[in-house]
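Secondary and tertiary structure notes
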Amino acid sequence: MIKPGFLKYDDPGKQERYDRAYLRMALEWGKLSHCDRRQVGAIIVKEGTIIADGYNGTPTGFPNVCEDENYETHWYVLHAEANAILKVSRSNNSSVGATLYITMSPCKECSKLILQAGIKRVVYIQGYKDNSGLTFLEEAGVETLQIEQP
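Just so it is clear, the structure is predicted and the values come from calculations on it, not from any experiment. (Residues numbered from 1 in each chain as written. Predicted model: local features only at pLDDT ≥ 70, side-chain atom pairs only at ≥ 80, totals over all residues. Heavy atoms only, no water.)

A short note on the nonpolar core
Test applied: Throughout, nonpolar core names a set of buried Ala, Val, Leu, Ile, Met, Phe, Trp, Tyr and Cys residues whose side chains join them through atoms within 4.5 Å. Three exposure classes are used, based on accessible area relative to the maximum for each residue type with a 1.4 Å probe and protein chains only: buried under 20%, partly exposed in between, and exposed over 50%. Strands here mean DSSP runs of E at least two residues long; helices mean DSSP runs of H or I at least four residues long; both are numbered from the N terminus. Every residue pair with non-hydrogen atoms within 4.5 Å of one another is taken to be in contact.
The biggest cluster of nonpolar side chains holds 21 residues, and the ones touching the most others in it are Ile 44, Leu 100, Ile 102, Ile 114, Ile 119 and Val 122. Those elements that place two or more of their residues in this core are strand 1 (41–46), strand 2 (49–55), helix 2 (80–89), strand 3 (99–104), strand 4 (121–126) and helix 4 (132–139). Ranked by residues supplied to this core, first place goes to helix 2 with four residues. If sequence neighbours within four positions are ignored, Ile 44 has contacts with Thr 49, Ile 50, Ile 51, Ala 52, Ala 84, Ile 85, Val 88, Ser 95, Ala 98, Thr 99, Leu 100 and Ile 119. One finds Ala 26, Tyr 101, Ile 125 and Ile 147 within the second-largest nonpolar core, a separate group that totals nine residues.

This is the structure we're talking about:
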């Protein structure tokens, strides 16, 4: 059965293989981040096609330094999912009904962006220290799935 916006296979094994493959891609994408504390990657997939990608980092034009001398993250660093959603907004694509694959579950601020972008499914590897973002998404009807070993 195919639901509007994203592929969801009748065969759970096939869906899981694709989920794991996209998570491995998100892991690789996260390696492009210049952040020292944490490198997070995100891939947005709609109807079997990657429509955007992102990783955590500084905005365009800023030095690629995410942390200050005290090893605290600069307030202006963008999260991976925010970068991916912003890429969609600059394209001819729509994320309505898409799946977000991300190496770390979203924070509460990014969860609001995910919901507003129309993303219907979030697949992640590692849980964020505060799970209120996931709780918010689940209450809003967004499917969430953790796969710890892609």
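Now, onward.
Thoughts on the packing of aromatic side chains
To keep things clear, this is the line we draw: Here the aromatic set is Phe, Tyr and Trp, taking the six-membered ring for Trp, and pairing holds for ring centres within 6.5 Å; pairs whose planes are under 30 degrees apart are stacked, those over 60 apart are edge-to-face, and all others are tilted.
In the structure shown here, the tally under the stated rule is five aromatic pairs. Measuring from centroid to centroid gives 5.6 Å for Trp 75 and Tyr 76, while their planes differ by 85°, and the two rings are edge-to-face. Each member of the aromatic cluster is reached from another via a ring pair, and the members are Tyr 18, Tyr 22 and Tyr 101.

Focus on the state of the cysteines
Cysteine pairs can be linked by a disulfide, which is a covalent bond between their two sulfur atoms. Cut-off, in case you're wondering: Disulfides are defined as cysteine sulfur pairs within 2.5 Å.
Scanning the model with the defined rule gives one disulfide in all. Here Cys 35 connects covalently by a disulfide to Cys 66, the sulfurs 2.2 Å from one another. Residues Cys 35 and Cys 66 are joined through a disulfide that is left-handed, its torsion about the S-S bond being -70°. Highlighted residues: Cys 35 in the loop between helix 1 (12–30) and strand 1 and Cys 66 in the loop between strand 2 and helix 2, separated in sequence by 31 residues. Each of the two residues, Cys 35 as well as Cys 66, counts as buried. Here Cys 107 is not disulfide-linked; the sulfur of Cys 110 is the nearest cysteine sulfur, at 3.8 Å.

Distances and angles like these do not, on their own, reveal function.
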